[in-house]
Amino acid sequence: MKSPHDDVLIIGGGAIGLATGLALLEAGRSVRILDAAAVGSGASHGNCGTITPSHAPPLAAPGVVAQALRWMFTPDAPLYLKPRVDPALWHWLLRFAARCNVRDWRASTHARSALLNDARTLLADWVQRYGLACEFEEEGLDYVFRDPRRFQHYVDEAAVLAEFGIATQVFDGTTYEREEPAMLPGVAGAIRFPGDARLRPDRYVAELARVVRERGGRIEAHCRVERLERAAGGVRLTTSQGTREGRDAVIALGAWTPAFARTLGVRAPIQPGKGYSITYSRPSRVPRHPMLLKDRSVCVTVWESGYRLGSTMEFSGHDDTLNAMRLAALERGAREFLREPVGPEVQERWCGWRPMTWDDLPLLGRAPGHEHVWIAAGHGMLGISMSSSTGQLMADLMTGRTPAFDPSPYRPERFA
Ligand SMILES: Cc1cc2nc3c(=O)[nH]c(=O)nc-3n(C[C@H](O)[C@H](O)[C@H](O)COP(=O)(O)OP(=O)(O)OC[C@H]3O[C@@H](n4cnc5c(N)ncnc54)[C@H](O)[C@@H]3O)c2cc1C
């Protein structure tokens, strides 16, 4: 039987693959998205769902290495590195450490804010245009502190963020506690990022999939892509469901990208940065804004349909076990800040792998040495926030349109 043939085959059906599919369909291309599991069941499923231009500064900042070393041997710290022999991980960490300086911090912040700010506007447009029922609310996000020194550090950083178009509003502890009755006493202060937003990520990816199908895109779940090879005028994929052919392929495999890219001789230094979340039914007293409890790095997101505590960053390879100690650290962190830290009923305990690059920028563009292969991966902590602009940028690059912003910082060649 002849293999189906499409303009573009997208490998990976997370937020990035789906958003890229949607933008390509809108540009008039036929699209087929293939996922090894259920669509949207990777990192895009149980994350915190915050949409955060505020997070333009990268993880690699001056002083981070010293902090990370202190945390390294603390199994319930917000950042944990499982000590082990793994040359790819150590190479990644050395490159990451080398970027913990002001010059690289500014360069990454600049490139991240371009993608984030564009995505924020485009996402609001998509929600309206396609009627995405994903509990999207433009209600900002608060960083909340109990430690006055840490609060002051971020107040100082907030002044720098204005340069990158990130607005902030600073509250002293007393004012914030009055505004936010969900908090326990003892808040040192808070910083609000009014430009941030939130959505329910599992609904967002389900809605993207609906719109892709409505526009004629094909989505095949439980279809693992095993091999990609050149074929006349394009590419051929060998999958668990047979072969698929297309003119172009996009690798949108999140944390699974490096092993697949390696089969094509392409370097994609992405480490899985494992994070956890617990989803509950809604407590009766919830915060009015999504918030990051900064002293404990716990993110709190509230939707009409539920309540989620999430975060923590663990470099333990492709390990998908749920670590009870790290899940408990989420609840412990929330207990320090909130009057009702957990909901009445646990709906899901989850972990996922953030696709982390050492420069904290995704790989977006043509795969080096492959005319018909493209990469859209490595979005780290921000794949939901960056999904819409990533999709649009990929569609622009692949169809020869001029992108809305300079795509050069994300070129996959930088790792070649
Ligand atoms: C705890 C936590 C909290 C987070 N909070 C936020 C947040 O608040 N805001 C934000 O913007 N981001 C957040 N993130 C980051 C965000 O979740 C990721 O950046 C984003 O989901 C990555 O999307 P993706 O499509 O690249 O990868 P994924 O969603 O992981 O998709 C990759 C897909 O590839 C499929 N696949 C793998 N191998 C194959 C194969 N051989 N063939 C076919 N398919 C295959 C997988 O099944 C998977 O569906 C968070 C992450 C975590 C872990």
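Parameters at a glance
Residues numbered from 1 in each chain as written. Predicted model: local features only at pLDDT ≥ 70, side-chain atom pairs only at ≥ 80, totals over all residues. Near = placed C-beta within 6 Å. Helix = DSSP H or I, 4+ residues; strand = E, 2+ residues; numbered from the N terminus. Buried ≥ 20, exposed ≤ 12 C-beta atoms within 10 Å, placed from the backbone. Pairing = 2+ DSSP bridges. Axes fitted to C-alpha atoms, helices over the stretch in contact; angles between N-to-C directions. Parallel < 35°, antiparallel > 145°, perpendicular 65-115°, else oblique. Left-handed = near helix turned anticlockwise from the far one by under 90°. Contact = placed C-beta atoms within 7 Å. Expected span 1.5 Å × (residues − 1). Core = buried A, V, L, I, M, F, W, Y, C linked by C-beta atoms within 7 Å.

**Quick word on the site of the ligand**
Stage number 1. Inspection of the region around the ligand gives 42 residues, with G14, G42, G254, G275 and G383 positioned closest.
Stage number 2. If you list the elements that add at least two residues to the shell around the ligand, you get α1 (15-26), β13 (270-280), β16 (306-315) and β17 (346-357).

**A word on the pairing of strand β5 (residues 141-145)**
Stage number 1. When you tally the buried positions in β5, you get five out of five residues, the bulk of the element.
Stage number 2. Where burial is concerned, the two faces of β5 agree: the one with L141, Y143 and F145 and the one with D142 and V144 are both buried.
Stage number 3. Two strands pair when backbone bridges link them, and β5 and strand β7 (residues 189-193) are joined in this way by five bridges, in the antiparallel orientation. When the sheet's bridge partners are listed, D142 is paired in β7 with R192.
Stage number 4. One ladder, built from three bridges, connects β5 with strand β14 (residues 291-293); its direction is parallel. Looking at the pairing, Y143 lines up with L292 of β14.

**As for the packing of α1 against helix α7 (residues 201-214)**
Stage number 1. At a minimum axis distance of 9 Å, the contact between α1 and α7 shows a crossing angle of 30 degrees. If you check the angle between α1 and α7, you find them roughly parallel. For the element pair α1 and α7, the recorded crossing hand is left-handed. On α7, the residues touching A15, L18, A19, G21, L22 and L25 of α1 are Y204, V205, L208, A209, V211 and V212.

**Let's talk about α1**
Stage number 1. Taking 1.5 Å of rise per residue, twelve residues should cover 16 Å, and α1 covers 17 Å from first to last C-alpha, within 8% of that figure.
Stage number 2. Every buried residue belonging to α1 is among A15, I16, G17, L18, A19, T20, G21, L22, A23, L24 and L25, and all of these are buried.
Stage number 3. In this structure, the buried side of α1 is in contact with β1 (5-11), β2 (31-34), α7, β12 (242-251), β19 (373-377) and α10 (387-399).
Stage number 4. Immediately beyond the C-terminal end of α1, within one or two residues, lies G28, with a positive phi of roughly 90 degrees.

**What to know about the nonpolar core**
As a rule of thumb, nonpolar side chains are buried together in soluble globular proteins.
Stage number 1. Membership of the largest hydrophobic core comes to 107 residues, with the highest contact counts inside it found for I11, A249, V250, I251 and A377.
Stage number 2. In terms of residue count, the dominant contributor to this core is helix α4 (residues 102-130) (nine residues).
Stage number 3. Grouped together as the second largest cluster of nonpolar side chains are five residues, L59, A60, W105 and W358 included.

**Side note on unusual backbone geometry**
Stage number 1. Of note in this structure, H222 is not a glycine but carries a positive phi near 50 degrees.
Stage number 2. Inspection of the secondary structure assignment puts H222 in the loop between β9 (218-220) and β10 (225-231).
Stage number 3. Phi at S311 is positive, roughly 125 degrees, even though this residue is not glycine.
Stage number 4. By the element assignment, S311 lies in strand β16.
Stage number 5. Look at S311 and you get buried, because 23 C-beta atoms sit within 10 Å.

**Structural notes on the environment of P185**
Stage number 1. Within the fold, P185 resides in the loop between α6 (173-179) and β7.
Stage number 2. On the basis of neighbour counts, which here come to 9 C-beta atoms within 10 Å, the residue P185 falls in the exposed class.
Stage number 3. Taking the C-alpha atoms as reference points, P185 and G173, twelve residues apart in sequence, are found 8.6 Å from one another.

That is the geometry; function is a separate question.
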